[in-house]
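A closer look at the structure
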Amino acid sequence: MIGSSRTRRDHAHGGGRAAGAASAVAVLALVAVTAGCKAEPAGSAPAAPPASSSPTEDAKPGTDGTESATPSTSAKPSSTPKATPKATPSADPQAKVLMATGSQGKQVRELQARLRQIGHFDRSPTGYYGPVTVTAVQSFQGKRGLSRTGKTDTVTWQKLLGMTHAPTAAELNPPTTRPAAKPDKRCMTGRVICISKNSRSLSWMIDGRVVSSMDVRFGSQYTPTREGTFSVYWKSRHHVSSIYHTAMPYAMFFSGGQAVHYSSDFAARGYSGASHGCVNVRDEGKIASLFAQVRNGDKVVVYK
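Residues numbered from 1 in each chain as written. Predicted model: local features only at pLDDT ≥ 70, side-chain atom pairs only at ≥ 80, totals over all residues. Heavy atoms only, no water.

Counted according to the given criterion, the structure contains 5 aromatic pairs. For the ring pair Trp234 and Phe253, a centre distance of 5.0 Å and an interplane angle of 15° mean the geometry is stacked. Linking Trp234 in strand S7 (residues 234-240) with Phe253 in strand S8 (residues 247-255), this pair joins segments that are 19 residues apart in sequence. Overall, Phe253 belongs to the buried group, its relative accessible area being 4%. On the basis of an interplanar angle of 70° and a centroid distance of 5.7 Å, the ring pair of Tyr250 and Phe291 is categorised as edge-to-face. Of this pair, Tyr250 sits in strand S8 while Phe291 is found in helix H7 (residues 284-293), placing the two residues 41 residues apart along the sequence. Of the two residues, Tyr250 and Phe291, both sit in the buried class. (Phe/Tyr/Trp six-rings, centres within 6.5 Å; stacked < 30°, edge-to-face > 60°. Helix = DSSP H or I, 4+ residues; strand = E, 2+ residues; numbered from the N terminus. Buried < 20%, exposed > 50% of the residue type's maximum accessible area, 1.4 Å probe, protein only.)

Next up, the structure:
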């Protein structure tokens, strides 16, 4: 009887320990579920990883993010013979890409100036490698028997250097003032920032006389620049947009959140971009001078 009693007590204690262990496991499982693990809808398949050909956020400037990965040294060569590709113009396998879509800076500006010298780039250099530059490079490559990649590799660059001369300062940074439109009649009296949408120009006028003019860019069709007669109500030299968190140097506000200001994006990309409604100026020297002369209360006229 004594042995039987001890056996019952041992079973009772053992059962208690087993139950406690089971409870602990259940608690740990509950913690794991509620500790930030993302719940998936019932029956849903796990998200597929992005395709290797898609650009990634860490793609380096000057590449398109689609370069294939380097083959592993442990990979076994395929025993199946591959068909010999047809002969087509191709880039030198030793060529290194120097500039491509998204690149920007002095070398891009020089590239554009040199392409302009021989008729492949029909506008002023911007220093930004966008679609227009890609097309110009493709045109140059096609006429020289090179692969029309649109990327400027060492072979393309050396070929271009041999056909052109070092750009002058005027070729690298030509005047950025478009022909100013005939001023609206509202601009003919007083101190006025006179802005024409048709000519994409801004004229700073005092008593009917044009003091200075500069190129401007406007909002897109979704965020248009307002037209009408306004006045400068606030100047902010180092302004940063509280909505878009972008720099707006030399901002002169005239209608709500819309202002005349310098745009580095406009300077780099030209008219391939647009503002969120503001009047962008791409010549920093001119907008700095304008900012120094304009006073709060000066008239602003925006017209077509």
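Read on for the rest.
One pass over the full model with this rule turns up 7 salt bridges. The closest approach of N and O atoms between Asp122 and Arg123, which form a salt bridge, is 3.6 Å. Since its relative accessible area comes to 65%, Asp122 is described here as exposed. Across the pair Asp298 and Arg191 runs a salt bridge, and its minimum N-O distance is 3.1 Å. Pair noted here: Asp298 is in the loop between H7 and strand S11 (299-303) and Arg191 is in strand S3 (residues 191-196), with a separation of 107 residues, a long-range link. Overall, Arg191 belongs to the partly exposed group, its relative accessible area being 22%. (Salt bridge = Lys/Arg side-chain N within 4 Å of Asp/Glu carboxyl O.)

So, about helix H3 (residues 131-143). When the terminal C-alpha atoms of H3 are compared, their 19 Å separation across 13 residues agrees well with the 18 Å that a helix rising 1.5 Å per residue should span. Those residues of H3 lying buried are Thr133, Val134, Ala136, Val137, Phe140 and Gln141. Buried positions in H3, seen along its axis, are confined to an arc of 165° and lie on one side of it. Along H3, exposed side chains directed more than 90 degrees from the buried face belong to Pro131 and Lys143. (Expected span 1.5 Å × (residues − 1). Arc of directions from axis to C-beta.)

Here we take up the state of the cysteines. Applying the stated criterion across every chain, the model contains 1 disulfide. The side chain of Cys187 participates in a disulfide bridge whose partner is Cys194; the two sulfur atoms lie 2.1 Å from each other. Across the S-S bond of Cys187 and Cys194 the torsion is about 80°, and the bridge reads as right-handed. Across the pair, Cys194 and Cys187 agree in class, each one buried. (Disulfide = S-S within 2.5 Å.)

Looking now at the nonpolar core. Ranked by internal contacts, the top residues of the largest apolar core, which has 22 residues, are Ile193, Ile195, Met252 and Val260. Within the residue set of this core, elements represented by two or more residues are S3, strand S4 (201-206), strand S5 (209-217), S8, strand S9 (258-262), strand S10 (279-281), H7 and S11. For Ile195, the contacting residues outside a window of four places in its chain are Ser201, Leu202, Val216, Phe218, Val260, Val279, Val300, Val301, Val302 and Tyr303. Within the second largest apolar cluster, 12 residues are counted, among which are Val108, Leu115, Phe121 and Ala136. (Core = buried A, V, L, I, M, F, W, Y, C linked by side-chain atoms within 4.5 Å. Contact = heavy atoms within 4.5 Å.)

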